[in-house]
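# Notes for the structure review
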Amino acid sequence: MSDKILVTRSSLPPFDEYVEKIKGIWDSRWLTNNGPIYTEFEDKLKKYLQCQNLELYVNGHMALDISLKALELKGEVITTPFTFASTTHAIVMNGLIPVFCDIKPDDYTIDENKIEELITDKTSAILAVHVYGQLCNITKLKEICRKHNLKLIFDAAHAFGVELDRQPIANFGDISMFSFHATKVFHSIEGGAVIFNDKKYERKLKNLRNFGIEGPESVVEVGFNAKMNEFAAAMGSCNLDYIDENIKKRKNVVEQYCKKINNIDGIKIIDYDENIKKGIKENYAYFPIVIDETKTGFTRDELFGEFEKHSIYTRKYFYPLITEFECYEEKFENIDLPVAKWVSDRVLTLPMYSELSNSDISRICDIILNLYKHS
Ligand SMILES: *Cc1c(COP(=O)(O)O)cnc(C)c1O
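Now for a description of the structure that goes with this document. (Residues numbered from 1 in each chain as written. Predicted model: local features only at pLDDT ≥ 70, side-chain atom pairs only at ≥ 80, totals over all residues. Heavy atoms only, no water.)

## A few points about the side chain of serine 86
Take serine 86: it is sitting in helix α5 (residues 85–93). The class for serine 86 is buried, based on a relative accessible area of 10%. Here histidine 61 takes part through its side chain, which lies 2.8 Å from a polar atom of the side chain of serine 86. Beyond its immediate sequence surroundings of up to four residues, serine 86 is in contact with His61 and Leu64. (Helix = DSSP H or I, 4+ residues; strand = E, 2+ residues; numbered from the N terminus. Buried < 20%, exposed > 50% of the residue type's maximum accessible area, 1.4 Å probe, protein only. Polar contact = N/O pair within 3.5 Å; in protein donor to acceptor, adjacent residues only side chain to side chain. Contact = heavy atoms within 4.5 Å.)

## What about the layout of surface pockets?
Approximately 490 Å³ is the volume attributed to the largest pocket. If you trace the largest pocket, you find 27 residues lining it, with Phe84, His181, Thr183, Lys184 and Tyr317 closest to the centre. Broken down by secondary-structure element, the contributors of at least two residues to the lining of the largest pocket are α4 (60–70), α5, β8 (175–179) and β15 (347–350). (1 Å grid on protein atoms, 1.4 Å probe; cavity = no way out; pocket = protein on both sides within 12 Å on 5 of 7 lines; lining within 4 Å. Points joined across faces, edges and corners; volume = space filled by probe spheres on them.)

## Focus on a negative patch on the surface
Residues Glu326, Glu329, Glu330 and Glu333 make up a contiguous surface patch of negative charge. The topology assignment puts glutamate 326 in the loop between α12 (300–309) and α13 (338–344). Among the residues examined, glutamate 326 registers a relative accessible area of 71% and is labelled exposed. (Patch = residues over 30% accessible without salt bridge, like charges linked within 9 Å, V, L, I, M, F, W, Y side chains within 5 Å. Areas by Shrake-Rupley, 256 points an atom, 1.4 Å probe, with all protein chains shown as cover. Salt bridge = Lys/Arg side-chain N within 4 Å of Asp/Glu carboxyl O. Lys, Arg positive; Asp, Glu negative; His and termini not counted. Charge placed at Lys NZ, Arg CZ, Asp CG, Glu CD.)

## Section: the pattern of salt bridges
Under the criterion given, the structure shown has 28 salt bridges. As a salt-bridge pair, arginine 9 and glutamate 355 come within 2.7 Å of each other at their nearest N and O atoms. One end of the pair, arginine 9, is in the segment before α1 (15–23); the other, glutamate 355, is in the loop between β15 and α14 (358–374), with 346 residues separating them in the sequence. You can call arginine 9 partly exposed: its relative accessible area is 48%.

## Quick look at empty space enclosed by the protein
Evaluated as defined, the whole model comprises 3 cavities of 30 Å³ or more. If you add up the space inside the largest cavity, you get close to 60 Å³. Looking at the largest cavity, it is lined by 13 residues, and the ones nearest its centre are Ala157, His158, Lys184, Val185 and Ala285. Split by residue class, the lining of the largest cavity holds 7 nonpolar, 4 polar and 2 charged. (Nonpolar A, V, L, I, M, F, W, Y, C, P; charged D, E, K, R; others polar.)

## What to know about the sheet that holds strand β14 (residues 287–291)
If you trace the 3 strands from one edge of the open sheet to the other, you get β12-β14-β15, paired in antiparallel fashion. Lying at the two open borders of the sheet, with one neighbouring strand each, are β12 (267–268) and β15. Note that β14 and β15 share 4 bridges and pair antiparallel. By the bridge assignment, valine 290 is partnered in β15 with valine 347. Here helix α9 (residues 243–261) sits on the sheet in contact with β14 and β15, set at roughly 20° to β14. Along the sheet, α12 makes contact with β14 and β15, crossing β15 at roughly 30°. (Pairing = 2+ DSSP bridges. Axes fitted to C-alpha atoms, helices over the stretch in contact; angles between N-to-C directions.)

## Points about the site of the ligand
Neighbouring the ligand are 16 residues, the closest being Gly60, Asp155, His158, Ser179 and Lys184. The contact in question runs from a nitrogen atom of the ligand to an N or O atom on the side chain of aspartate 155, over 2.7 Å. Relative to its free-state accessible area of 380 Å², the ligand is covered by the protein chains to the extent of 93%. Among the detected pockets, the ligand sits in the largest pocket. Elements with a contribution of two residues or more to the shell around the ligand: α4, α5 and β8. Grouping the amino acids of the shell around the ligand by side-chain chemistry returns 4 nonpolar, 10 polar and 2 charged. (Near = heavy atom within 4 Å. Sits in = over half its atoms within 2 Å of the grid points.)

## So, the packing of α4 against α5
For the pair α4 and α5, the least separation of the axes is 9 Å and the interaxial angle reads 35°. Crossing angle aside, the handedness with which α4 passes α5 is right-handed. Along the contact surface, α4 presents His61, Leu64, Asp65 and Leu68, while α5 presents Ser86, Thr87, His89, Ala90, Ile91 and Met93. Within the contact of α4 with α5, the residues separate by chemical class into 5 nonpolar, 4 polar and 1 charged. (Left-handed = near helix turned anticlockwise from the far one by under 90°.)

## Description of the packing of aromatic side chains
Pairs of aromatic rings are described using the distance from one ring centre to the other and the angle between the two planes. This structure, assessed with the given rule, holds 22 aromatic pairs. Ring geometry for phenylalanine 82 and tyrosine 132: centres 6.0 Å apart, planes at 75°, overall edge-to-face. Of this pair, phenylalanine 82 sits in the loop between β2 (76–79) and α5 while tyrosine 132 sits in the loop between β4 (123–129) and α6 (138–148); the two residues are 50 residues apart in sequence, bridging distant segments of the chain. Assessed through its relative accessible area of 0%, phenylalanine 82 is described here as buried. Centre to centre, the rings of phenylalanine 325 and tyrosine 328 are 6.5 Å apart; their planes meet at 20°, and the pair counts as stacked. (Phe/Tyr/Trp six-rings, centres within 6.5 Å; stacked < 30°, edge-to-face > 60°.)

## A short note on the state of the cysteines
Across all of its chains, the model carries 0 disulfides by this definition. Take cysteine 145: it sits in no disulfide, and the sulfur closest to it among the cysteines is that of cysteine 136, at 11 Å. Judged by relative accessible area, cysteine 145 falls into the buried class, the value being 5%. (Disulfide = S-S within 2.5 Å.)

## Brief notes about the sheet that holds strand β7 (residues 167–168)
Taken together, 3 strands build an open sheet; the order of strands is β7-β6-β13 and the sheet is antiparallel. Whereas interior strands pair on both sides, the edge strands pair on one side only; in this sheet they are β7 and β13 (280–281). The pairing of strand β6 (residues 163–164) with β7 spans 2 bridges and is antiparallel. Note that in β7 the partner of glutamate 163 across the bridge is proline 168.

Written as structure tokens, this is what we have:
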């Protein structure tokens, strides 16, 4: 039996660097609540993302939930069904109604050409996702939001390090959210951040993170506890020193994959050349493939099973669609989302992390190629 290959493997800084970073905590006894490492991490991130306004959180989900509250949204929010549970949960937890718009078959992001038909007098925002780190059509989304007076929020959980025309993508929209979960390209064990364009949101974004406490004798909001602690901030700060190197290694992994399975009939991968033409610098967060069984002769689930037999653990990410979750299926029974449904039934994300070796990539690709031959 050959070694296991997992779908992801968290990056870690050199052990000694992390220990050095947290040493001072044993003297200061400052473990959480805006500590010195937190402040240092915040400053480093602002520089890296070239942004003015940034707040840190305990995780990406709370960052998103609090963002929707800070924007004081009402009614309906147009969003994508092809995402992680968090995106929709944040809308629903805020008492808002998610209105699902289909996605595009080329990059899996929300289909900007199908949004306007979904806008009603109750619509207050668009919550779009840069899924797999693939950028939404930012220009068109901004245009629609301006025309209809809607707020624009990006769930950029997958897109840390992505740039458009040499600009980090953090500054697009009213608010962008990043997740620093251990499985993401950049992480602080658990953590998240929001970047926002208008200072007027700052007060709520801060207060809602700490029980709505504004001063020792002043509680102004019904808030959460969503603060990032010093140990998480230290991990983030150390990891940030390696992010560019990490993304370079991921690029190598993708190039190896592409060499082997770029031109297989019925297996669609991200169009990296097209993205370069559009001025996008990728972060290579995921390596999704979409399997058209009418051309390959095998289904996504068959490939998934074959990988499993060889101790290779891939993920059906995102399957099922949000609208098919047990908690949502009765609410969203009759919504027609043909592209999202088609992709969700056929997508598989392959193992993807900076240290994935060439020999492991060969092992993975050979399984696909062998199955292809025998189908
Ligand atoms: C990871 C993720 C989140 C939530 O982030 P956490 O830090 O895990 O809370 C939200 N949206 C998407 C698309 C994600 O992948």
